[in-house]
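# Structural overview for review
What follows is each chain in one-letter form.
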Amino acid sequence: MRAIQQAAWGEAEPLQLVEVEAPEPAFGEVLVRVSAAGVNPVDVYTRRGQAYNRVLDLPFINGWDVAGAVVQTGYGVSRFRPGDLVFGMPWFPREAGGYAEYVAAPARHFARMPAGLSFNEAAALPLAGLTAWQMLTEVAAIAPGKRVLVAGAAGGVGHLAVQIAKARGAQVIGTASAAKHDFVRALGADEVIDYTTTDVSAAVRDVDVVIQMFGGEAGLKALNCLRPGGLLVSGQAAWTPGLHERAAELGVRAVVFLVDPDGAGLDALAGLVTQQRLKVHVDAVYPLAEVAKAHDHVAGGRTTGKIVLTVGEPE
Ligand SMILES: NC(=O)c1ccc[n+]([C@@H]2O[C@H](COP(=O)([O-])OP(=O)(O)OC[C@H]3O[C@@H](n4cnc5c(N)ncnc54)[C@H](OP(=O)(O)O)[C@@H]3O)[C@@H](O)[C@H]2O)c1
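Conventions and cut-offs
Residues numbered from 1 in each chain as written. Predicted model: local features only at pLDDT ≥ 70, side-chain atom pairs only at ≥ 80, totals over all residues. Heavy atoms only, no water. Near = heavy atom within 4 Å. Polar contact = N/O pair within 3.5 Å; in protein donor to acceptor, adjacent residues only side chain to side chain. Areas by Shrake-Rupley, 256 points an atom, 1.4 Å probe, with all protein chains shown as cover. Helix = DSSP H or I, 4+ residues; strand = E, 2+ residues; numbered from the N terminus. Nonpolar A, V, L, I, M, F, W, Y, C, P; charged D, E, K, R; others polar. Domains from an automatic or database assignment. Contact = heavy atoms within 4.5 Å. Salt bridge = Lys/Arg side-chain N within 4 Å of Asp/Glu carboxyl O. Pairing = 2+ DSSP bridges. Axes fitted to C-alpha atoms, helices over the stretch in contact; angles between N-to-C directions. Parallel < 35°, antiparallel > 145°, perpendicular 65-115°, else oblique. Left-handed = near helix turned anticlockwise from the far one by under 90°. Phe/Tyr/Trp six-rings, centres within 6.5 Å; stacked < 30°, edge-to-face > 60°. Buried < 20%, exposed > 50% of the residue type's maximum accessible area, 1.4 Å probe, protein only.

## Notes on the site of the ligand
- The full set close to the ligand counts 25 residues, and Ser177, Lys180, Tyr195, Gln236 and Thr303 are the nearest of them.
- The separation between an oxygen atom of the ligand and a polar main-chain atom of Gly156 is 2.7 Å.
- The protein chains hide 90% of the 930 Å² of surface that the ligand would expose on its own.
- When contributions to the shell around the ligand are tallied by element, the ones reaching two or more residues are helix H1 (41-47), helix H3 (126-139) and helix H4 (156-167).
- Of the residues contributing to the shell around the ligand, the split by class is twelve nonpolar, eleven polar and two charged.
- Domain assignment of the residues forming the shell around the ligand places at least three in each of domain 1 (2-125 + 280-310) and domain 2 (128-256).

In structure tokens:
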């Protein structure tokens, strides 16, 4: 099969299009012919050897988000049959080999694609969507009337988090640069703040929950936006030293979050898509061979929504 493999950690040049053996599905696994693969910031950190590589070996096939068709089922799989269209974020944070024509992984790491979603859209959804879903529903238990601040509301995670929080009845404040305010409002945000010109930690007060996708000083200052006892869920806690100490000083809570594979969460996302309460925005699509351009795009940090690679036949 064709795959993008890297034999060294580093910049985008080591991402090479190669022919390798397709994987075989083990007991409980499905083999998926991949039509499209999503690209996430963690792919870039991983390519550079900055994250999770303690469990990853070279040569390495990057990528976790995939959408395609089941072509083979391992012993004991009852959830899917060959021909079913599925999407998922298998194996994360271990190697999934998503930038390849075939992926084998536990059936429960996938869900059926909702009708009406293209492969590109379905491949854009799993990692960012599960992050938003798990943060908001499992960690923060968002309920109607809660006030939520979504930092980075125009990005991959943020644009889905705004919509999921609204679907759960929350009041949503998003941060984005001014050019993206119309986009964030169209997602349903009640208020949008330009974090490039406004000190968010001074402008927003007494929210119940902060979904914080950025670290450093901004990640710490976001704690000031919470009501006493409020909860910040951090997607970048490793880059936010002192988070728990500052939270304790302020009388608020902070949770370190890492997304994990979750077929039930994917089913929930698919349900929201079917009900037309969740739309994934694909900013740009690159062919598999142009993966380096896709990585540069994501590494630029200005994506609106998601970046996707086409792997199989173009749609
Ligand atoms: N822990 C986890 O499980 C987990 C899961 C998913 C993602 N993450 C992490 O969360 C971060 C965001 O992921 P993503 O997929 O949403 O990334 P993304 O799609 O690349 O985010 C790009 C967006 O972020 C906005 N942005 C950049 N810096 C910002 C800042 N300081 N404040 C507010 N907005 C800012 C940009 O908006 P403007 O152009 O308007 O600046 C852009 O729209 C990444 O670092 C990623 O690794 C963690």
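## Some remarks on the domain arrangement of the chain
- By domain assignment, the chain separates into domain 1 (2-125 + 280-310) and domain 2 (128-256).
- The distance between the C-alpha centroids of domain 1 and domain 2 comes to 27 Å.
- Taken together, the contact between domain 1 and domain 2 spans twelve residues of the former and 13 residues of the latter.
- Where domain 1 meets domain 2, there are zero salt bridges.
- On the surface where domain 1 and domain 2 come into contact, there are seven residue pairs in polar contact (both at pLDDT 80 or more).

## Focus on the sheet that holds strand S2 (residues 16-19)
- Pairing is antiparallel across the open sheet formed by three strands, whose spatial order is S2-S1-S4. This sheet does not close on itself; its edge strands, each paired only once, are S2 and strand S4 (60-61).
- Judged from the two bridges that link them, strand S1 (residues 2-6) and S4 form a sheet pairing that is antiparallel. Among the inter-strand pairings, Gln5 is bridged to a residue of S4, identified as Ile61.

## A closer look at the packing of H3 against H4
- It is the contact of H3 with H4, at a shortest axis distance of 8 Å, that shows an interaxial angle of 45°. The pairing of H3 with H4 is recorded here as oblique in orientation. The two elements H3 and H4 meet at a crossing, and its hand is right-handed. Residues Ala128, Gly129, Thr131, Ala132, Trp133 and Leu136 of H3 form the contact with H4, whose own contacting residues are Gly156, Val157, Leu160, Ala161, Ile164 and Ala165.
- Classifying every residue of the contact of H3 with H4 gives nine nonpolar, three polar and no charged.

## Points about the packing of aromatic side chains
- Going through the model one piece at a time under the given rule, you end up with five aromatic pairs.
- On the numbers, 5.4 Å between centres and 45° between planes, the contact of Tyr45 with Trp239 is tilted. Of the two residues, Tyr45 sits in helix H1 while Trp239 sits in the loop between strand S13 (226-234) and helix H8 (243-250), which places them 194 residues apart along the sequence.
- For Tyr45, a relative accessible area of 22% gives the class partly exposed.
- An aromatic cluster of at least three residues, connected via ring pairs, comprises Trp9, Phe60, Trp64 and Phe92.

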